[in-house]
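Each chain is listed here by its residues.
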Amino acid sequence: MLLGAGSDAEDVIQEAFVKGYRKLSRYRGESSFRSWLLAIVANETRNLHRSRNRRDGLVLRAAAANPESEIAEDVAVGAVLAGERRATLVQALRLLPVKDREVIVCRFLLDLSEDETVTMLGWPRGTVKSRTSRALAKLRGLLDLEGVRHG
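Residues numbered from 1 in each chain as written. Predicted model: local features only at pLDDT ≥ 70, side-chain atom pairs only at ≥ 80, totals over all residues. Heavy atoms only, no water.

Draft legend 1. Fine view of the overall build of the protein. Across its full length, the protein holds six helices and zero strands. Ordered by position from N to C terminus, the α and β elements of the protein give α-α-α-α-α-α. Counting over 151 residues, the protein shows a buried share of 32%. The contacts in the protein between residues at least 6 apart in sequence include a share of 62% that link residues at least 24 apart. Here the protein displays about 9700 Å² of accessible surface, and carbon together with sulfur accounts for 55% of that area. (Helix = DSSP H or I, 4+ residues; strand = E, 2+ residues; numbered from the N terminus. Buried < 20%, exposed > 50% of the residue type's maximum accessible area, 1.4 Å probe, protein only. Contact = heavy atoms within 4.5 Å. Areas by Shrake-Rupley, 256 points an atom, 1.4 Å probe, with all protein chains shown as cover.)

Draft legend 2. The arrangement of the side chain of E44 in detail. Looking at the element boundaries, E44 is found in helix α2 (residues 33–65). Take E44: its relative accessible area is 10%, and that puts it in the buried class. At 2.7 Å, the side chain of E44 forms a polar contact with the side chain of K19. Once residues within four sequence positions are removed from consideration, E44 is found in contact with V12, E15, A16 and K19. (Polar contact = N/O pair within 3.5 Å; in protein donor to acceptor, adjacent residues only side chain to side chain.)

Draft legend 3. Looking closely at a nonpolar patch on the surface. On the surface, a nonpolar cluster with roughly 360 Å² of combined accessible area is contributed by Y21, L24 and F33. Along the chain, L24 falls in the loop between α1 (9–22) and α2. (Patch = residues over 30% accessible without salt bridge, like charges linked within 9 Å, V, L, I, M, F, W, Y side chains within 5 Å. Salt bridge = Lys/Arg side-chain N within 4 Å of Asp/Glu carboxyl O.)

Draft legend 4. Fine view of the packing of helix α4 (residues 98–109) against helix α5 (residues 114–121). Where α4 meets α5, the closest approach of the two axes is 9 Å, and the angle between their N-to-C directions is 140 degrees. Relative to α5, α4 is oriented oblique. Of the two possible hands of crossing, α4 and α5 adopt the one that is right-handed. Where α4 approaches α5, its residues E102, V103, C106 and R107 are matched on the opposing element by E114, T117, M120 and L121. Split into classes, the residues belonging to the contact of α4 with α5 amount to four nonpolar, one polar and three charged. (Axes fitted to C-alpha atoms, helices over the stretch in contact; angles between N-to-C directions. Parallel < 35°, antiparallel > 145°, perpendicular 65-115°, else oblique. Left-handed = near helix turned anticlockwise from the far one by under 90°. Nonpolar A, V, L, I, M, F, W, Y, C, P; charged D, E, K, R; others polar.)

Draft legend 5. Region of interest: α5. All of the buried residues along α5 are T117, V118 and L121. The buried residues of α5 occupy an angular sector of 105 degrees when the element is viewed end-on, so they sit on one face. Phi turns positive one or two residues past the end of α5, at G122, with a value near 70 degrees. (Arc of directions from axis to C-beta.)

Draft legend 6. Summary view of the packing of aromatic side chains. Summed over all chains, the structure comprises three aromatic pairs. On the numbers, 5.3 Å between centres and 55 degrees between planes, the contact of Y27 with W36 is tilted. On the accessibility criterion, Y27 (27% relative accessible area) is partly exposed. Residue W36 is classed as buried on the basis of its relative accessible area, which comes to 16%. Both rings, one in F33 and one in W36, keep their centres 5.4 Å apart while their planes meet at 35 degrees; by these two values the pair is tilted. Of the two residues, F33 and W36 both sit in helix α2, three residues apart, roughly one turn of that helix. Among the aromatic side chains, those forming a connected cluster through ring pairs are Y27, F33 and W36. Above the face of the F108 ring, R107 is positioned so that its terminal group lies 5.9 Å from the ring centre. Over the ring of W123 we find R131, and its NZ or CZ is 5.2 Å from the ring centre. (Phe/Tyr/Trp six-rings, centres within 6.5 Å; stacked < 30°, edge-to-face > 60°. Lys NZ or Arg CZ within 6 Å of the ring centre and 35° of its normal.)

As structure tokens, then:
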């Protein structure tokens, strides 16, 4: 869902809040307001991924057009590796239970503080702390397994 926004997380969240405000009349109360808003954030994150993929494709095509350019080669290799790392992280995050994924996304992908995560998820502080620790351990294990497979 809300994966890989990285340094663009603030922009994604800001755009999601603007869209949420504009579409507030469409909120029907069938789910919690939090989940409705998180769905908008997830859609904005997917939009970000699509634009990154288009940009990476342009870089690779530019590098292919001028293969002697050392800079183009470095940029193309970097774009491919970054895409592979993002895909591996996304795949591992999708394997986590929902609550583990939510806390990881809030703390590390959306870069929310512990207090903000407590507010966002509506969990006690101790639950956020313990779930973050356990979720990170699970994620590390999944990424280590992925590294062994593609090693």
